[in-house]
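Chain by chain, the residues run as shown.
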Amino acid sequence: FEAHGIPLAKGGALLGMMSFAGMASVVLVSVLAVRVQKRRPFLILPGIIAGFAGVGTVFLADSFLIYLVMVALGFACWSYLPILISIPIDLNPGQPARVAVTMASLVAIGGGIGFLSPVVVGTLADLFESFVPGLVLFSILGWSLAFCGTLLPETGIILAKSGDS
């Protein structure tokens, strides 16, 4: 926030809005997931939104649109989680060991990227004397959720056909 000249109080309010939107999106998606049999749209749509909203946070920081962008980013960064957690169970029914390994891998990879991203952004900021390249890099990586969502098989149809819900 300091790089854009945003006071810490406003930055805290923006992050609070983002978290609140994310919390609301988790509840909404959890309810929708019970009614909608497909899972992939719940990954693809947040991935698309995350990419655009992430780039928007970098370039619209001094605009009134930052509020809308932060709410969209909160939605995108949280809403896919209930679906992501259910996919290993759908793909490996009756195989709890595989589900556990898949979930552990997701947590480990996510934690590793979460640890490395500030280091990479900081290193790029030192090299280019701006935070913009690193922030844009990780904003663009938000689209990887949509890309991976297109590569996954549709687990909701499998779940519906097997009669389990």
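Residues numbered from 1 in each chain as written. Predicted model: local features only at pLDDT ≥ 70, side-chain atom pairs only at ≥ 80, totals over all residues. Heavy atoms only, no water.

*Asks:* How would you sum up the overall build of the protein? Please name residues and give values.
*Replies:* Secondary structure assignment for the protein yields eight helices and zero strands. Ordered by position from N to C terminus, the α and β elements of the protein give α-α-α-α-α-α-α-α. C-alpha extents for the protein along the principal axes are approximately 55 × 30 × 25 Å. For the protein, the proportion of its 165 residues judged to be buried stands at 32%. Accessible area for the protein stands at about 9,800 Å²; split by element, carbon and sulfur atoms hold 76% of it. (Helix = DSSP H or I, 4+ residues; strand = E, 2+ residues; numbered from the N terminus. Buried < 20%, exposed > 50% of the residue type's maximum accessible area, 1.4 Å probe, protein only. Areas by Shrake-Rupley, 256 points an atom, 1.4 Å probe, with all protein chains shown as cover.)

*Asks:* Can you break down helix α3 (residues 66–79) residue by residue, with the values?
*Replies:* Between its terminal C-alpha atoms α3 stretches 19 Å, which fits the 20 Å expected from 14 residues at 1.5 Å a residue. Taken as a whole, α3 has its buried residues at Ile66, Val69, Met70, Leu73, Gly74, Ala76 and Ser79. (Expected span 1.5 Å × (residues − 1).)

*Asks:* Could you give an account of the pattern of salt bridges, naming the residues involved and the relevant values?
*Replies:* With the rule as written, the count across this model stands at one salt bridge. A salt bridge links Asp90 to Arg39; its shortest N-O distance comes to 3.8 Å. Within this pair, whereas Asp90 is found in helix α4 (residues 81–91), its partner Arg39 is found in the loop between α1 (8–35) and α2 (41–59), the two being separated by 51 residues in sequence. (Salt bridge = Lys/Arg side-chain N within 4 Å of Asp/Glu carboxyl O.)

*Asks:* Lay out the environment of Val120 in plain terms, naming residues and giving numbers.
*Replies:* Locating Val120 in the fold gives a position in helix α5 (residues 96–128). In this structure Val120 comes out as partly exposed when scored by relative accessible area, which is 31%. Residues Val120 and Gly12, 108 residues apart in the sequence, show an inter-C-alpha distance of 23 Å. Excluding anything up to four places from it in sequence, Val120 contacts Leu137 and Phe138. (Contact = heavy atoms within 4.5 Å.)

*Asks:* Please give an account of α1 that cites residues and values.
*Replies:* Spanning 28 residues, α1 covers 41 Å between terminal C-alpha atoms, matching the ideal 40 Å at 1.5 Å per step. When α1 is considered as a whole, its buried residues turn out to be Gly11, Leu14, Met18, Ala21, Gly22, Ser25, Val29 and Ala33. Where the residues of α1 are buried, they touch α2, α3 and α4.

*Asks:* Summarise a nonpolar patch on the surface; cite the residues concerned and give the values.
*Replies:* Residues Phe115, Leu116, Val119, Val120, Leu137 and Leu141 make up a contiguous nonpolar surface patch of about 530 Å² in total accessible area. No other element matches α5, which puts four residues into the nonpolar patch. (Patch = residues over 30% accessible without salt bridge, like charges linked within 9 Å, V, L, I, M, F, W, Y side chains within 5 Å.)

*Asks:* Before we move on, can you summarise the layout of surface pockets with the specific residues and values?
*Replies:* Looking at the largest pocket, its volume works out to about 1,700 Å³. Surrounding the largest pocket, 48 residues form its lining, Cys77, Tyr80, Ile113, Phe138 and Gly142 being those nearest its centre. Elements supplying a minimum of two residues to the lining of the largest pocket: α1, α2, α3, α4, α5, α6 (132–140) and α7 (144–151). The dominant element in the lining of the largest pocket, judged by the number of residues it contributes, is α5, at 11 residues. Counted by class, the lining of the largest pocket contains 36 nonpolar, 11 polar and one charged residues. (1 Å grid on protein atoms, 1.4 Å probe; cavity = no way out; pocket = protein on both sides within 12 Å on 5 of 7 lines; lining within 4 Å. Points joined across faces, edges and corners; volume = space filled by probe spheres on them. Nonpolar A, V, L, I, M, F, W, Y, C, P; charged D, E, K, R; others polar.)

*Asks:* Account for the environment of Gly110, with residues named and values stated.
*Replies:* Tracing the chain through its elements places Gly110 in helix α5. For the pair Gly110 and Pro96, spaced 14 residues apart in the sequence, the C-alpha separation amounts to 21 Å.

*Asks:* How would you explain the environment of Cys77 if you had to name every residue and give the values?
*Replies:* Structurally, Cys77 is set in helix α3. In this structure, the C-alpha to C-alpha distance between Cys77 and Ala24, residues 53 residues apart in sequence, is 12 Å.

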